[in-house]
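A structural walkthrough
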Amino acid sequence: MLTTHVLDTANGCPAAGVEIELWSMQPDRSIRLKTVVTNLDGRTDEPLLMGEAFQPGNYKLVFYIGKYFSEGDESKFIFLDQIPIQFGIADIQAHYHVPLLVSPWSYSTYRGS
């Protein structure tokens, strides 16, 4: 299973309303698998991949964090706009959790549980 969540470290809260794209990174092309938006807890309402859709391979999450920090004012210049995180899934029996800890000026991620 693949899950994610987004934490706004500048304001000390979950980041609600962040658009996230999930891509499958094939050797010759990229395939967008889905687009989701975080809920009030900064999580997606369901896992990004599970069951038969959860396969070994290379993937990318793109977090549209610029929209979140611009608070709807697209005339604002935002330092971080789109944050891509590429990662690999090897063990389909494991839970892969890819959180994003983000502020308007920095971010970090890790493989969570």
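Quick note: structure is the one above.
Throughout what follows, the structure given in this document is the object of discussion. (Residues numbered from 1 in each chain as written. Predicted model: local features only at pLDDT ≥ 70, side-chain atom pairs only at ≥ 80, totals over all residues. Heavy atoms only, no water.)

**Comments concerning the pairing of strand β3 (residues 19-25)**
Extensive coverage of β3 is indicated by the burial of six of its seven residues. With seven bridges joining them, β3 and strand β4 (residues 30-37) adopt antiparallel strand pairing. Within the sheet, the bridge partner assigned to Ser24 lies in β4 and is Ile31. The hairpin turn running from β3 into β4, its antiparallel successor, is four residues long. Bridge analysis of β3 against strand β5 (residues 57-64) gives six bridges, and the strand direction is antiparallel. Looking at the pairing, Ser24 lines up with Tyr59 of β5. (Buried < 20%, exposed > 50% of the residue type's maximum accessible area, 1.4 Å probe, protein only. Helix = DSSP H or I, 4+ residues; strand = E, 2+ residues; numbered from the N terminus. Pairing = 2+ DSSP bridges.)

**Examining the pattern of salt bridges**
With the rule as written, the count across this model stands at three salt bridges. The salt bridge involving Asp41 is made with Arg43; its shortest N-O contact spans 3.1 Å. With relative accessibility at 35%, the residue Arg43 sits in the partly exposed group. (Salt bridge = Lys/Arg side-chain N within 4 Å of Asp/Glu carboxyl O.)

That is the geometry; function is a separate question.
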